[in-house]
Amino acid sequence: MTVTKTTTPTEAPVEPAPTPKGRRRKRRKIVVPLVLTAAITGVAVLGVTRPWERPASVTGKPPVEHGTVAVQRGSLSSGIQIAGTLGYDEPMSVVAAGRGTVTALPAVGTVIKPGGKLYEADGSAVILMRGGRPLWRDLGPGAGNGPDVEQLKRNLVDLGHADGLGLAVDERFTKGTETAVKRWQKSLGVKQTGTVALGSVVMLPQASVRVQQLGVQLGAPLGTGSVMTVSGTGLVALVRPADNQLSRFKPDGKVEVRLSDGSMVTGRVRSLIRGGSGGQGEGDGGGGAGGDQQKTTVTITLDSQQQARRTGPSSVTITVVGDSVSGALIVPVTALLALDGGGYGVKVVDGRGTRLVKVRLGLIADAQAEISGGVEPGTQVVVPK
């Protein structure tokens, strides 16, 4: 966008010299060019204001210099871009409910499904099952009713150990439940007691988990500490916007994610969590320290896991999709003049000087404004320099 400086010629009316009595002198006409007379300095005359300017007589500073810019035709968007990270979803710590010694651990990156071995304690497999409630007691004949029983029965049904038993998924530990538990134990090659001992099963909410980090070593005693950190197998984008950017992130709002290989994938805003990890996973940069810990973490689900897995955990750029226009007439916002009585205008420069043209405003973004009415592409308008 080309900016050219314009000057304001000073209007200097010339009075004719007094003519001595009795003498007649031929008068010469003196013409002063009035290219921009009162166009830039005569704001009050035009009934417009530039909030950023103050009269020199008030501030004691020289008047603001002006230039011109051409009205452009192009595209304008109110979207914003923020750096973020790609990481595995829903990381959480696995805490052992029983006692013993760790005798086997999975490799980092291993994906484990419900019914699979999560780790081993005292030579016995600790099995992963799906559920949001940790087990806190042995479950077998005589166990009182409870949601933990219902959770166990749902897993036995899903894993196929209740086939043909007509087992209802409820909170009662029935004879059919005992039979299903014995079938499950037989498939593991362990003693068929019909009772699920505390510490032999870990309940986690994910459909499958990915081992992200180990918290103990082989031979370590089990206690209340974390055995490992696991996450979901899906990748999500994470971003921590500034407070003044949060209004751009709407629930289920559409965003675009540029991956580290340059490819694009669309996504949706799933959650905003203040001051927490927000489900941060491996490769998300850890979130920083100090005030950054108090920022809101936005979690974005991706429409294509296949694209995301090609890059894995890495840095990404999040674009929040906003309003956009194409083929619009665009000027800098500093070209706008607030008119007396409301509305806006621009000062258009032509061969005779300048003239005030009232315009209609459209989208405003990145210090640019969409206008329409009385101007064409290439029209020169006045702006402060």
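Nothing here was measured: the structure is a model prediction, and the numbers come from that model.

A. Summary view of the overall build of the protein. A count of helical and extended segments in the protein gives 5 helices and 24 strands. Buried residues in the protein amount to 40% of all 385 residues.

B. A look at the environment of Asp366. On the secondary structure map, Asp366 appears in the loop between β22 (353-365) and β23 (368-372). Residue class for Asp366 comes out exposed when judged on its relative accessible area of 65%.

C. Geometry of helix α3 (residues 147-158). For α3, with 12 residues, the first-to-last C-alpha span of 17 Å sits near the 16 Å given by 1.5 Å per residue. Every buried residue belonging to α3 is among Asp148, Val149, Gln151, Leu152, Lys153, Asn155 and Leu156, and all of these are buried. In the segment just after α3, Gly160 is the residue with positive phi, at about 85°.

D. Spotlight on the sheet that holds strand β12 (residues 209-214). A sheet is described by the order of its strands in space; here 4 strands give the open sequence β6-β13-β12-β8, paired in antiparallel fashion. Lying at the two open borders of the sheet, with one neighbouring strand each, are β6 (92-95) and β8 (111-112). Both β8 and β12 contribute to a ladder of 2 bridges, which runs antiparallel. What sits directly across from Ile112, in β12, is Val209.

E. Molecular detail of the sheet that holds strand β15 (residues 254-258). Strand order in the closed barrel made by the 6 strands is β5-β14-β17-β16-β15-β18, with antiparallel pairing throughout. Within the sheet, the average angular offset between the axes of one strand and its neighbour, ignoring direction, is 40°. Sheet topology places β15 next to strand β18 (residues 314-320); 4 bridges connect them, and they run antiparallel. Considered in β18, the bridge of Val257 is made with Ile318.

F. Quick look at the side chain of Arg240. Looking at the secondary structure, you find Arg240 in the loop between β14 (235-239) and β15. When its relative accessible area of 14% is taken as the criterion, Arg240 is described as buried. A polar atom in the side chain of Arg240 sits 3.0 Å from the side chain of Thr297.

G. Molecular detail of unusual backbone geometry. If you check the backbone angles, Asp252 has positive phi at about 65° while not being a glycine. Looking at the element boundaries, Asp252 is found in the loop between β14 and β15.

H. Inspection of a nonpolar patch on the surface at higher detail. Taken together, the side chains of Tyr344, Leu361 and Ile364 present a nonpolar region at the surface, about 250 Å² in accessible area. Its location among the elements puts Leu361 in strand β22. Under the relative-accessibility criterion, Leu361 is labelled partly exposed at 34%.

I. Seen up close, the environment of Pro377. Note on placement: Pro377 falls in the loop between β23 and β24 (380-384). What makes Pro377 partly exposed here is its relative accessible area of 39%. Measuring from C-alpha to C-alpha, the distance between Pro377 and Val331 comes to 10.0 Å, with 46 residues separating the pair along the chain. Discounting residues that sit within four places of it in the chain, Pro377 has contacts with Val71, Arg73 and Leu329.

J. Region of the structure containing the pattern of salt bridges. Counted according to the given criterion, the structure contains 10 salt bridges. Among the charged side chains, a salt-bridge network with shared partners connects Lys153, Asp170 and Arg172.

K. Geometry of the nonpolar core. Among the nonpolar cores identified, the biggest contains 20 residues, and Leu86, Val257 and Ile318 are the most heavily contacted of them. Mapped onto this core, the elements with two or more residues apiece are β5 (80-88), β14, β15, β16 (264-274), β17 (296-302) and β18. Looking at which element gives the most residues to this core, the answer is β5, with 4 residues. Apart from residues lying up to four places away in sequence, Ile318 is in contact with Ile80, Gln81, Ile82, Gly84, Ala237, Val239, Val255, Glu256, Val257 and Ile300.

L. Looking closely at helix α4 (residues 175-188). Here α4 is 14 residues long and its end C-alpha atoms lie 20 Å apart, about the 20 Å a rise of 1.5 Å per residue gives. Within the sequence span of α4, burial applies to Gly176, Thr177, Glu178, Ala180, Val181, Trp184 and Gln185. Buried-residue contacts for α4 involve β10 (124-130), α3 and β11 (201-204). Residue Gly189 follows α4 closely and has a positive phi angle near 80°.

M. Inspection of the confidence of the model for the protein at higher detail. When pLDDT is averaged along the protein, the result is 83; 79% of the residues meet or exceed 70. Within the model, the stretch residues 1-47 combines pLDDT values under 50 with 58 contacts to residues more than four positions away or in other chains. Contacts from residues 278-290, a stretch scored under 50 in pLDDT, to residues over four places away or in other chains number 39 contacts.

N. Quick peek at the pairing of β12. Bridging between β12 and strand β13 (residues 226-231) involves 4 bridges; their strand directions are antiparallel. Following the sheet pairing, Val211 is matched in β13 by Val230.

O. Quick peek at the environment of Lys153. Checked against the element boundaries, Lys153 lands in helix α3. When neighbours within four sequence positions are excluded, Lys153 is seen to be in contact with Leu167, Ala168, Asp170, Arg172, Thr174 and Thr177. Looking at Lys153, its side chain comes within polar contact range of the side chain of Asp170, at 2.6 Å.

P. Just the packing of α3 against α4, in detail. Following both chains from N to C, one finds α3 and α4 inclined at 55°, their axes separated by 10 Å at the closest point. Between α3 and α4, the angle is such that the two are oblique. Classified by chirality, the crossing of α4 by α3 is left-handed. On the side of α3, the interface is formed by Leu152, Lys153 and Leu156, while α4 contributes Thr177, Ala180, Val181 and Trp184. Grouping the constituent residues of the contact of α3 with α4 by class yields 5 nonpolar, 1 polar and 1 charged.

Thresholds applied
- Residues numbered from 1 in each chain as written.
- Predicted model: local features only at pLDDT ≥ 70, side-chain atom pairs only at ≥ 80, totals over all residues.
- Heavy atoms only, no water.
- Helix = DSSP H or I, 4+ residues; strand = E, 2+ residues; numbered from the N terminus.
- Buried < 20%, exposed > 50% of the residue type's maximum accessible area, 1.4 Å probe, protein only.
- Expected span 1.5 Å × (residues − 1).
- Pairing = 2+ DSSP bridges.
- Axes fitted to C-alpha atoms, helices over the stretch in contact; angles between N-to-C directions.
- Polar contact = N/O pair within 3.5 Å; in protein donor to acceptor, adjacent residues only side chain to side chain.
- Patch = residues over 30% accessible without salt bridge, like charges linked within 9 Å, V, L, I, M, F, W, Y side chains within 5 Å.
- Areas by Shrake-Rupley, 256 points an atom, 1.4 Å probe, with all protein chains shown as cover.
- Salt bridge = Lys/Arg side-chain N within 4 Å of Asp/Glu carboxyl O.
- Contact = heavy atoms within 4.5 Å.
- Core = buried A, V, L, I, M, F, W, Y, C linked by side-chain atoms within 4.5 Å.
- pLDDT = per-residue confidence, 0-100.
- Parallel < 35°, antiparallel > 145°, perpendicular 65-115°, else oblique.
- Left-handed = near helix turned anticlockwise from the far one by under 90°.
- Nonpolar A, V, L, I, M, F, W, Y, C, P; charged D, E, K, R; others polar.

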